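Structure at a glance
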Amino acid sequence: MTLTDVIVVGAGPTGLMLAAELRLAGVRPLVLERHPRLRETAKAGGLGGQILELLRYRGLLERLEAAVTGPVPPPVFPFGGLHVDLSDLADPPMHALPLPQARLERLLDDRARELGAEIRRGHEVLAVTQDGDSVTVGVRGPDGPYEVTARYVVGCDGPRSRVRELAGIGFPGTSYPEVNRIGQVTVPAGITVRPDGDLEVPGLGTVHAGFTRTDRGVFGFGSVTPGVLMFSTVEEEPVEYDDDVPMDLAEFQASIGRVLGGEFPLGEPRRLSRFTFKARQASSYGAGRVFVAGDAAHLFPATGVALNAGLLDAVNLAWKLAAGVDGWAPPGLLATYHEERHFAGARTMLHTQAQVALRRGLDPAADALREVVGELLTDEVVVRRVGALIAGTDIRYPGGDHPLTGTFAPDLALHTDDGPTSVAELLRRARPVFVDLAGRPDLREVVAEWPRVEVCAAKTDRPPADALLIRPDGYIAWAASESPADALRAALTAWFG
Ligand SMILES: Cc1cc2nc3c(=O)[nH]c(=O)nc-3n(C[C@H](O)[C@H](O)[C@H](O)COP(=O)(O)OP(=O)(O)OC[C@H]3O[C@@H](n4cnc5c(N)ncnc54)[C@H](O)[C@@H]3O)c2cc1C
């Protein structure tokens, strides 16, 4: 039997991100993935929200941006059948990268391997047992069954997580009896796109741009690039699909036909996907030495938020696990993973369930609700608030007195005696950093007792505080204005042992 630091079950985006972050923290992860090859199924079409800023801090965003081949769409995001249009904002709170999930996974796989993570594909985890010191997983590999033992196991094994089930973690919530289908196809022969954006469809007449509600569901369309249209349907169907089983063109065409009540021609498919909506969140993100992250921990009933939440789980958990492996984790540090990420997940659940209420109602009251919210979404203050909600940039982890504590550290431009740097640059190696912005040797002296915390004395325009103690995941552990050194010592002890 082999012994490793952390076993990561599942090489989806969450598991791969976790493996890379664990390597940055100096820990040996072993990733076990049941599929023999990298996934090709069309799932997410892009990545957006707070995670993009973290990826930039890690120096990874440029690489992801370079892999984007299609046009970058305008910053307009769906919100419960309506749209949040951020195009007029100079500094929008939400950004997105149109990077198909299969490509994202390949890049994250490259990154994790470059950093030295071991990834075994074709290895399915069947059993998980733990005692006070370690966790053992039973694996079925290409050469037969075997066992591996680790200090911790993280289930990044998706919606039907076996790790979650074996750890006895509940997954309460709702599955909505509704199927969403999306397809990008070339402009079908016989269909005319009018100058106002509406479609003329033989046999069906004019189909207006945006969403059309019928008693069979919702049909939507918009243009993607010249010559390519995006169609979508939402139908009430009490069927559970496996997300890894792709949809074909005939299934999509039949769905549009049912919603619009007539035959609808489709061109060449560029991208087809189907998903069902669930609102479920793990009752606990950890049980003993076993944790869950990503879709294994939460499923939200709206698009565009799941990857952001899952990758941020991974970043939050990695350095805390490393502290446990290295033996310096202060009491309660690992418990903050559940406290913080369950809290963040609950907030995402709040707005995605509000979107369900907006989207699903078919009576005049629901129409009125949509009209009112649609009107509000023309107001800049509201657009900013809702954009930040979708992006998760408004998250402030609980605890801490200073208003900056628990928020994501802004990327300050820093001027040091050794030249210019920035918060992003300091966080590239995922080390905790103390940034002294007001020439406070008294505070730097305290931090010197924690050699694992890097110290940077710098000047910046409009400093948000005298000093910032920033965790490896980019969140502020402590911020000083007038606070005495004792408060800093308490924060360092609580977070960094
Ligand atoms: C059609 C569609 C469109 C989507 N669009 C978006 C979008 O626009 N934006 C967005 O943010 N999200 C979107 N999502 C959701 C997004 O795809 C998921 O949130 C994401 O895949 C979750 O990543 P994960 O790594 O947590 O889990 P998964 O991607 O599910 O990965 C889990 C991995 O674990 C492996 N595994 C499972 N069990 C075991 C086992 N016992 N042993 C070993 N390995 C195991 C699986 O094979 C899989 O590779 C979409 C999903 C679908 C289906």
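Residues numbered from 1 in each chain as written. Predicted model: local features only at pLDDT ≥ 70, side-chain atom pairs only at ≥ 80, totals over all residues. Heavy atoms only, no water.

With an unreviewed UniProt entry as reference, the protein chain is termed FAD-dependent monooxygenase, source organism Amycolatopsis iheyensis. Under Cofactor (unreviewed entry), UniProt gives the following word-for-word description of the protein chain: "FAD". (UniProt positions renumbered as here; feature names shortened; annotations may be inferred.)

**A look at the overall build of the protein chain**
The helix and strand inventory of the protein chain stands at 13 helices and 27 strands. Relative to the 2.2 N^0.38 estimate, which gives 23 Å for 497 residues, the radius of gyration of the protein chain is 24 Å and therefore close to what a compact globule would have. If one aligns the C-alpha atoms of the protein chain with their principal axes, the spans along those axes are about 80 × 60 × 40 Å. Of all 497 residues assigned to the protein chain, the portion counted as buried reaches 52%. Taking the intrachain contacts of the protein chain between residues at least 6 apart in sequence as the baseline, contacts between residues at least 24 apart amount to 70%. Carbon and sulfur atoms form 53% of the exposed surface of the protein chain, whose accessible area is close to 21,600 Å². (Helix = DSSP H or I, 4+ residues; strand = E, 2+ residues; numbered from the N terminus. Rg over C-alpha atoms; globule rule 2.2 N^0.38 Å. Buried < 20%, exposed > 50% of the residue type's maximum accessible area, 1.4 Å probe, protein only. Contact = heavy atoms within 4.5 Å. Areas by Shrake-Rupley, 256 points an atom, 1.4 Å probe, with all protein chains shown as cover.)

**Brief notes about the pairing of strand 5 (residues 82-85)**
Judged by which residues are buried, strand 5 turns out to be one-sided: L82 and V84 face inward and are buried, whereas H83 and D85, on the alternate face, are not. Here strand 4 (residues 76-79) hands over to strand 5 after two residues, with G80 in that stretch at a positive phi of 60°. (Pairing = 2+ DSSP bridges.)

**Looking at the environment of P29**
Along the chain, P29 falls in strand 2 (residues 29-33). Sequence separation between P29 and V8 is 21 residues; the distance between their C-alpha atoms is 6.7 Å. Beyond its immediate chain neighbours, meaning those up to four positions away, P29 contacts V6, V8, A19, L22, R23, A117 and E118.

**Overview of the packing of aromatic side chains**
With the rule as written, the count across this model stands at 15 aromatic pairs. Ring plane angle 40° and centroid distance 6.4 Å describe the contact between F219 and F221, whose orientation is recorded as tilted. By the burial criterion, F219 is buried, and F221 matches it. Arranged with centres 5.4 Å apart and planes meeting at 55°, the rings of F219 and F264 form a pair that is tilted. One end of the pair, F219, is in strand 16 (residues 217-225); the other, F264, is in the loop between helix 6 (249-260) and strand 18 (269-281), and 45 residues separate them in sequence. An aromatic cluster is present here, built from Y57, Y397, F408 and Y475 joined pairwise through their rings. Above the plane of the ring of F171 lies R164, whose end atom (NZ or CZ) is 3.6 Å from the centre. Over the aromatic face of W495 sits the side chain of R471, whose NZ or CZ is 4.6 Å from the ring centroid. (Phe/Tyr/Trp six-rings, centres within 6.5 Å; stacked < 30°, edge-to-face > 60°. Lys NZ or Arg CZ within 6 Å of the ring centre and 35° of its normal.)

**Some details on helix 13 (residues 485-496)**
In a regular helix each residue adds 1.5 Å, so 12 residues correspond to 16 Å; helix 13 covers 16 Å between its end C-alpha atoms and thus fits that length. Buried within helix 13 we find L488, A491, L492, W495 and F496. When helix 13 is viewed along its axis, its buried side chains cluster within an angular range of 100° and face the same direction. Packed against the buried residues of helix 13 are helix 7 (306-326), helix 8 (335-360), strand 24 (433-436), helix 12 (441-447), strand 26 (467-470) and strand 27 (476-480). A positive phi of about 80° marks G497, the residue just after helix 13. (Expected span 1.5 Å × (residues − 1). Arc of directions from axis to C-beta.)

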